[in-house]
Structure formats: structure tokens, C-alpha cells
2 protein chains.
Amino acid sequence: MSVPRARATVARMLGYVPGEQPTPGERVIKLNTNENPYPPSPSVLESIRRLEGDALRRYPSPMADAFREVAARVHNVSPDQILAGNGSDDVLQIALRSYCGPGDVLASPNPTYSLYPVLAELADVRFITVPWEDHWTLPVAALLAAKPQAIFFANPNAPSGTIVPPADVATLASRTDALVLVDEAYVDFADTNCLGLISQYENVLVTRTFSKGYGLAGLRFGYAIGHPSVIASMAKVKDSYNCDAIAIAAACAALDDQSYARDCWDRVRVERTRLTRELGRRGFDVITSHANFVLATVPSSVDARDLYQALKARGILIRFFDKPELQDQLRITVGSPEENTALLASLAELVPSPAEA
Amino acid sequence: MSVPRARATVARMLGYVPGEQPTPGERVIKLNTNENPYPPSPSVLESIRRLEGDALRRYPSPMADAFREVAARVHNVSPDQILAGNGSDDVLQIALRSYCGPGDVLASPNPTYSLYPVLAELADVRFITVPWEDHWTLPVAALLAAKPQAIFFANPNAPSGTIVPPADVATLASRTDALVLVDEAYVDFADTNCLGLISQYENVLVTRTFSKGYGLAGLRFGYAIGHPSVIASMAKVKDSYNCDAIAIAAACAALDDQSYARDCWDRVRVERTRLTRELGRRGFDVITSHANFVLATVPSSVDARDLYQALKARGILIRFFDKPELQDQLRITVGSPEENTALLASLAELVPSPAEA
């Protein structure tokens, strides 16, 4: 007997690296992992505080039935079109393991959410990426040429913040039998979404999360909306009780309070416009964002990694991706008005103004 | 485009069938899924009610650091020997996927927890079972002969309630490099446990849950205790944020209140003794249990499935396993004194007394 060896796939992998999280009590302006600057609806805390011990003593509903009812009503679908998960990461993993076995192909445009290759590697699935076409257009033909069992992409995309129109997703879905998973983690901050496609295209699966739009990253709750037979297959793959009783109650309350959520989204969009404009004035090239963050190319006189470090030294966390194609870019979460003002003030000191440069 | 086909493994499987759960509001005596009859410590509800919206707005600690600290203190190990999960089902799946790839072997004695073959099937892992030796003795040689990458068993075992002495587990661990996972979901109700083995045997991993001993089946929180390098491998496989902020706070509070928990365990053990004695008086053959349930062979005049159905019609749920080797047995969760009294009263009416039979 000795330390057992993890299987080769696991031994060689690095795993997904989550964004930096400050230690409890540390005071930072946190604009690096796309949390909502606003807390969840007050009704969420009320729903949690109302829970009795007996609700925790028993196993929760395996399919989160109460949540399915609320989601079906809000999205105008039927409850059997909803699958809830422990964060949308759980939902993504369930979808992958339902449709791709060892040696199968998961295809994605590149860059997109950096978790997908990690999930594929863990499942011994081949991950094939194809570059986005010009202006972040969905590379339909190249994705199909990979002959995938599943296609995943974030829409709005991360880290670009760009959005693919539903008509392009429809074109892709109509030309394949593969599962087309549209990861709508950021869709609450956009003008369009792909929910309307699921009644027409049985292979389209839309995923949502409470981590961004509902101010509940700490809750770990996400869900998929799709064809009942896709949902039924995924139900066989998920853990029996993958959502806890508290999270189910909180998610119901959050989704039910659409007016609170919409007010938060509107505020974020107003600040996104300001942040985009002010960064542009400082010489950054900012892609028009449909999410709660912006991807900004730094001015040519600036090193993106150095700027990230300098902001971090001042207690402001943003995201620098150490990847060749993203070396001159920074992803900045849209914070509260005060947080964004503090960021812009620091940038005014750290980045020479375009006139001076 | 059409309904996409789930991969063959998923298409042909049935999935794990959770125990029956009554619909909300239904009044039943629920002795079928081994929940604790007592609610969690009051400090658990206090910890939940103290949470502020901002704690939910941000991502939780990826490794549940606060919980690791409490668990390290309570179990006298170091924090890097603890991995927390979304229920011990999540922990079991993470362990399996860390040590067994497609075509590898997971071995278990039979019968044991019925989730293991489902997890193996989903991971394209071969599941090899070997019968328990007489008197539920661990079949060490037969397990090793399967040449497994991992060996899983519940201890105390489900559905038998029997326990393997730590010395036998040590013998097994000393003779293999495979991961030896001791699923201690029910250990809080037993006299011994295998925690003492982990400092000596680097391939022993012990898993625990809050679902049984801590009255928190609704919370979905479990954890593994093992060698730091085993825990580090598992950390690469788990979802980035697999435990939510509320569950982490609640689990810390529950584990910290050992005196409340021990009082519940003692009460369950007193009732287990009574249930065993009274079932024996009615002609049932009850295996001595170290868990919070008993496995009882029905008297020869009784059909186990009929009795299960008759009790269900009276609003009392117990567990009948539709498996050849368990056709004449019933698994009964130890309930509160009142619940057990109601069960025994119904049995007095439904089962002819041994004198009459």
C-alpha cells in the first residue's frame, strides 16, 4: 500500500483555476469574477429565514419540483423542460456526460468559457475549438466540420461580452443532430436570448444561472431549459439530490421577483455604458458588451499584465487571462457606480492619457 | 436536426432510483430513507438566519475553507486532509472519477450502497461485486482478485447495518495500492470507525455525511478525509465551487455542536435496541445493526412486499428492495419513539404473532 495514483487523465491535468477570491474581511473592489454588484432580492433572505429544521432533516425533491414550477411559469414552458443543478457548472457537466462519451467530440468557438475544456478532459472527451469568424460571428461551418456530439458556447460570450443572434444559432441547430448548448449565464444583461428556439429545435439546450443576474453566486444554482427528452436523459446522469432544500427555496424566491432583478440589470447596463465610454476616452478599445463585464484592449503604451498588477496593489481586482490571444486585454466586471468610479480614478493615475501618450 | 441521442451508456441505463418521498403536506411516518428523526442543532438555523445578502452575492470558497478548519479540529487532522462536497454522493463521484477511468475496475462487496454501480456505469467503469463472506465479513481476497483501481463499501453497511472492524479494513488496505473508500455515512450510530487508519494507510479514504447523523439530508453536504495527495487529486476533479455559502455555514455549525449530535445518536441507539427486540418478538429475524436502520427478515408466513404495501396503505413508508437476494427482507429506519410505536402497533395487526402462526 502507498499513496494511490490518480488516473492518468487526472494526474496530468491542472484543473480549472477559479478567479481570485479575497480572504474574508479583506477590503477589495472586486471586478474580476462577474458577480452582480447588488445583493439578491430581499425575498430570497426571507425565504431562507422562514425555513424550519424539519425541511432540512428530510431529503430535498430530487428534481427540485417547486423550482421547476416557478421556472415553467416565468419562461412559459412546461416543468418537464427544466433541469436544476448545483450551479450551471453542474448543469454543464451533466449535459456533457449525457451526450459525450470517451473519444466523442465537444466543439466550441475559441475563446469562450474556459471551463468547457476542463469538463471535456475529465470525461475523456476530445475538445475541438474553432476560431470565431470576424466580428465574433458564430463559425457554423467550422463547428459542424468537427463532427461533434455536442457544441457548447457562452452567449453572451465570455470573455468578449459579444452576442450571437438567435437566427445564427437556429442555422447551426438546423444543420446538426448534435446537442447545441447555449450557455446564457450572462443573458440577463442582453437584449435577446435563445429561449424561443427550444420549441422549434429539439437539440437546443439553454442554460441559465443565478450567479450573475440574480446576485447569488454564493448559492450555486443554475438550470437548463430544453426538450423534455433531453431533460429526461440528463436526469439519469445528475446526482440524485443535486440541489439542496435551501437553495431550491432561495432560487424560487429570486426567480419570482422579476421586477427586482430587472431593476438591477438596468442599473448594470447604465454603468456598462459609462464604463465603456470612459475607458474609450482613456485610449482603451472596448468591445460592445451584452454582459455585465467589458473586454478592453489596453492602449499600445500599456502592458496589460502590469496594469492588472498595479490595480491589484491598489486593492482593485480585475481579470487578466494569461493566454496568447488575450495578452493585451483585460476583462473588467461592471461594478456599482462607486466601484466603477474608483477604478476609473485609478486608471487616470496609472494610464497616460491619449494626449500625453 | 431532431431530438439528439444521449450517448449509448446513458440511453440504456435506468439511473439511480431514490427512495420514495411523500409529496409536500402529505402526512406519513417516513421510515424508508434513513433520515434522522431529530432536526438539526438549533445553531444550524441560527447560522443560516445570520447570513447577509452580500455573502450570497459572491462566489463561495472553492474548497470550503471554513468547513475544512472545523472538520480538521473535530477530527484531529489537518485542513488539507478534508474535501467537502455537495452531499456525500458528490464526494463519491469525485473519488471514482479521480481514480477510475473508462475500462478500469471498481470493486465492492455485495450487497452494499446501490449508488456505486450507477456511478461506475456513468463513468464507463467496470463494476465487479463479490459476495460478503459469512457473518458479513469483508471478502478481502475476492476483492483483491478483481484487480480494482478502487474499492468502495459502506461501513456500517447498507442495507445490512453490519460493520466491518477497522482491523479488517487495515488488512485490505495493506495489500493493495487501490483506493479503499470507506463510506461512513452511518458511522455516527456505531461504536467504531476507520478514521484512525488514514494516518497509517495512504490509500484509505473515509467519507462522511450530514444527511444521517446531523439531521441535514436536505442540506446536501458530505466530506472526505484522507491523505493530502488524494484530496489534492480530488480537488482537480470536483466542480470549482461545489459547496454553496449557506451549506458551508450550516455544516460548520452542525459539526461544531457535537454534544447536540451525540445526544441524538444516543436516542436513536436506544430506539434501535427496542425496535430490534420488538421485531424479534413478532418473529422477524433482525441483524444486529450499527446504523440508524435495521434489516429484518420477515417471518416465513409473511410476504415482505405485501407487508411493505400494507404499511404504505396505512401511511407508514419502509423500504422494500426488489432484488432477488433481498426478497424476504425489509429495511426500516429507526424513527422517533412515537413513530416506532406506531409501526409496531401496525405490525401487531398485520403480522400473525409467532404463537398463532
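Residues numbered from 1 in each chain as written. Chains lettered and ligands numbered in written order. Predicted model: local features only at pLDDT ≥ 70, side-chain atom pairs only at ≥ 80, totals over all residues. Heavy atoms only, no water.

**A word on the domain arrangement of chain A**
One widely used convention gives an interface's size as the accessible area the parts lose upon coming together.
All names here are of chain A.
Now for step 1: Taken domain by domain, chain A comprises domain 1 (8–39 + 259–350) and domain 2 (42–258).
Now for step 2: One C-alpha centre belongs to domain 1, the other to domain 2, and the line joining them spans 24 Å.
Now for step 3: The interface is formed by 32 residues belonging to domain 1 together with 32 residues belonging to domain 2.
Now for step 4: Of the roughly 2,700 Å² buried where domain 1 meets domain 2, counting both sides, 58% is carbon and sulfur surface.
Now for step 5: The largest contributions to the domain 1 side of the interface with domain 2 come from Tyr16, Trp265 and His290, which together make up 26% of the buried area.
Now for step 6: Linking domain 1 with domain 2 are one salt bridge, by the criterion used here.
Now for step 7: In this structure, Arg269 and Asp191 form a salt bridge, with 2.5 Å as the shortest nitrogen-oxygen distance.
Now for step 8: Connecting domain 1 to domain 2 are 18 residue pairs in polar contact (both at pLDDT 80 or more).
Now for step 9: Looking at the side of domain 1 that touches domain 2, the elements with two or more residues in it are helix H1 (8–12), helix H11 (258–281) and strand S10 (293–297).
Now for step 10: When residues of the side of domain 1 that touches domain 2 are assigned to their parent elements, the largest contribution, eight residues, is made by H11.
Now for step 11: For the side of domain 1 that touches domain 2, a count of residues per class yields 14 nonpolar, ten polar and eight charged. (Domains from an automatic or database assignment. Contact = heavy atoms within 4.5 Å. Buried area = accessible area lost by both parts, 1.4 Å probe. Salt bridge = Lys/Arg side-chain N within 4 Å of Asp/Glu carboxyl O. Polar contact = N/O pair within 3.5 Å; in protein donor to acceptor, adjacent residues only side chain to side chain. Helix = DSSP H or I, 4+ residues; strand = E, 2+ residues; numbered from the N terminus. Nonpolar A, V, L, I, M, F, W, Y, C, P; charged D, E, K, R; others polar.)

**So, the interface of chain A and chain B**
Now for step 1: In this complex, chain A contributes 85 residues to the contact, which on the side of chain B involves 85 residues.
Now for step 2: Where chain A abuts chain B, roughly 6,900 Å² becomes buried across the two surfaces, and 54% of that area is made up of carbon and sulfur atoms.
Now for step 3: Applying the counting criterion to the chain A and chain B interface returns zero salt bridges.
Now for step 4: Taken together, the connections running from chain A to chain B amount to 38 residue pairs in polar contact (both at pLDDT 80 or more).
Now for step 5: Where the side of chain A that touches chain B is concerned, the elements lending two or more residues are H1, helix H2 (42–49), helix H3 (53–57), helix H5 (88–99), helix H6 (115–122), helix H8 (166–174), helix H9 (228–237) and helix H10 (245–256) of chain A.

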